[in-house]
Amino acid sequence: MAELKIDAVVFDVLGTLVDEPAGLRAGLRALAPPSGTPSPGAGGPGAGGLGAGGLGAGAAPGTAGAAGRAGKADGAESAGPGTERLLLLWQRHIEREQRRVLDGDRPYLPSDLLDREAAGVVAEAAGVEDPAAVEALARSARRLPPWPDTVAGLARIGGGFPLIGLSNASRTALLQLNAHAGLRWHQALSAEDARTYKPDPAVYRLAVTGSGAPPERLLMVAAHAWDLRGAQALGLRTAYVARPVGDPPTAADRFDLHARDLTDLAEQLRLS
């Protein structure tokens, strides 16, 4: 493989650097849903077999299933079936509403407000009416643990290249995500500045404009093939990093790099 000539590395955040389902599970456990919570697939909000993964993390918008994103993250085994059903309900709501924004069916709404909507839907399904509990659940989407290799991997890669965070999270949510997970950037960009969500090209243009580099000199790193395809369409170079909750490439995908984790990515970028 020829050596990539890049000026900066752009990272997706949700799912790529932080374990989103694990953080949401913690919030759902604190909500203490009663036993026997009905499955989202059995009717009511979120029913109808929507694909998941969301546009913040997971599978391609409107294609693969949310169960693939929720079912393998750390903590799934101890979360309990009620928690898993509520997690799926949350993910379906976020994906559906971000898809509606992309399709022009509703005005742009920042991710923290969509999280409040999702928390309300989940709390109703769980039979919880306490507004403080609903708000606490919404804020759990900003308290997401980093993957074990994230902090050290960012530091190592940041020693060789400027680092840009590019997330569907709102400005407020991204600030709190970064602080909670210990993420350190040279620049952090929110899709809120483009008033849309990835994979809209306008979001990736934020990184091009912010870096002052041409697209082909930027390396987009993500655990989601749909995210990398969006960046690739604008001319960015691409690196897929495997995560338990990601959206793996298909046989048709042609990304520049494939890495087991950030340590492997740093080695491929020839960083000591």
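Since the structure is predicted, the reported quantities are computational estimates derived from the model, not experimental observations.

What counts, and at which threshold
Residues numbered from 1 in each chain as written. Predicted model: local features only at pLDDT ≥ 70, side-chain atom pairs only at ≥ 80, totals over all residues. Heavy atoms only, no water. Phe/Tyr/Trp six-rings, centres within 6.5 Å; stacked < 30°, edge-to-face > 60°. Helix = DSSP H or I, 4+ residues; strand = E, 2+ residues; numbered from the N terminus. Buried < 20%, exposed > 50% of the residue type's maximum accessible area, 1.4 Å probe, protein only. Core = buried A, V, L, I, M, F, W, Y, C linked by side-chain atoms within 4.5 Å. Contact = heavy atoms within 4.5 Å. Salt bridge = Lys/Arg side-chain N within 4 Å of Asp/Glu carboxyl O. Polar contact = N/O pair within 3.5 Å; in protein donor to acceptor, adjacent residues only side chain to side chain. pLDDT = per-residue confidence, 0-100. Pairing = 2+ DSSP bridges. Axes fitted to C-alpha atoms, helices over the stretch in contact; angles between N-to-C directions.

Visitor: Go over the packing of aromatic side chains, please, and point to the residues and values.
Guide: The tally for this structure, following the rule as stated, stands at two aromatic pairs. Their ring planes at 50° and their centres at 6.2 Å tell us that Phe-11 and Trp-185 sit as a pair that is tilted. Note that Phe-11 is positioned in strand β1 (residues 8-11) and Trp-185 in the loop between α8 (171-181) and β3 (187-190), a separation of 174 residues in sequence. Pair check on accessibility: Phe-11 and Trp-185 agree, each one buried. Taken together, a centroid distance of 5.3 Å and an interplanar angle of 40° make the contact between Tyr-108 and Tyr-197 tilted. One end of the pair, Tyr-108, is in the loop between α4 (81-103) and α5 (111-126); the other, Tyr-197, is in the loop between β3 and α9 (201-211), and 89 residues separate them in sequence. Taken individually, Tyr-108 and Tyr-197 each receive the classification buried, so the pair is uniform in this respect.

Visitor: How would you sum up the nonpolar core? Please name residues and give values.
Guide: One recurring pattern in soluble globular proteins: nonpolar side chains tend to sit buried together. In terms of nonpolar packing, the biggest core is built from 31 residues, with Val-9, Phe-11, Ile-157, Leu-219, Leu-265 and Leu-269 touching the most fellow members. Those elements that place two or more of their residues in this core are β1, α7 (150-158), α8, β4 (218-222), β5 (237-241), β6 (257-259) and α11 (262-268). It is α8 that provides the largest number of residues to this core, a total of four residues. The contact partners of Leu-269, leaving out residues within four places of it in the chain, are Ile-6, Ile-157, Phe-161, Leu-219 and Leu-257. Of all hydrophobic cores here, the second largest spans 24 residues; its members include Ile-94, Ala-119, Ala-123 and Ala-141.

Visitor: Would you mind going over the pattern of salt bridges in detail, with residue names and values included?
Guide: By the definition in use, this model includes 18 salt bridges. Among the ionic pairs, Arg-25 bridges to Glu-84, the shortest N-O distance being 2.6 Å. On the criterion of sequence distance, the pair formed by Arg-25 in helix α1 (residues 20-31) and Glu-84 in helix α4 is long-range, its members being 59 residues apart. Judged by relative accessible area, which is 1%, Arg-25 ranks as buried. Residue Arg-106 is joined to Glu-97 by a salt bridge in which the shortest nitrogen-to-oxygen separation is 2.7 Å.

Visitor: Can you lay out the environment of Ala-191 for me, pointing to particular residues and giving the numbers?
Guide: Counting through the fold element by element, Ala-191 comes out in the loop between β3 and α9. The exposure class of Ala-191 is buried, given its relative accessible area of 0%. For the pair Ala-191 and Pro-110, spaced 81 residues apart in the sequence, the C-alpha separation amounts to 8.4 Å. Residues contacting Ala-191, with those up to four places away along its chain left out, are Tyr-108, Ser-167, Asn-168, Ala-169, Thr-196, Tyr-197, Val-203 and Leu-206.

Visitor: Let's hear about the environment of Asn-178: which residues, and what values?
Guide: Tracing the backbone through its elements, the reader meets Asn-178 in helix α8. With a relative accessible area of 9%, Asn-178 lands in the buried category. Between the alpha carbons of Asn-178 and Pro-146 there is a distance of 9.5 Å; along the sequence they are 32 residues apart. The residues touching Asn-178, leaving out its near neighbours within four places in the chain, are Leu-183, Arg-184, Trp-185 and Ala-188. Among the polar contacts made by the side chain of Asn-178, one reaches the side chain of Trp-185 at a distance of 3.0 Å.

Visitor: Please provide a residue-by-residue account of the confidence of the model for the protein chain, values included.
Guide: Model confidence for the protein chain is summarised by a mean pLDDT of 86, while 81% of its residues fall at 70 or above. This model gives residues 56-60 a pLDDT under 50, and the stretch forms 30 contacts once residues within four places in sequence are excluded.

Visitor: Outline the sheet that holds β5, listing residues and values.
Guide: Read from one edge to the other, the open sheet built from six strands follows the order β3-β2-β1-β4-β5-β6, with strand pairing classed as parallel. Of all the strands in the sheet, the pair left with one neighbour each is β3 and β6. Here the strands of the sheet are splayed against their neighbours by 20° on average, with no regard to which way each runs. In the sheet, β4 pairs with β5 via four bridges, with the strands oriented parallel.

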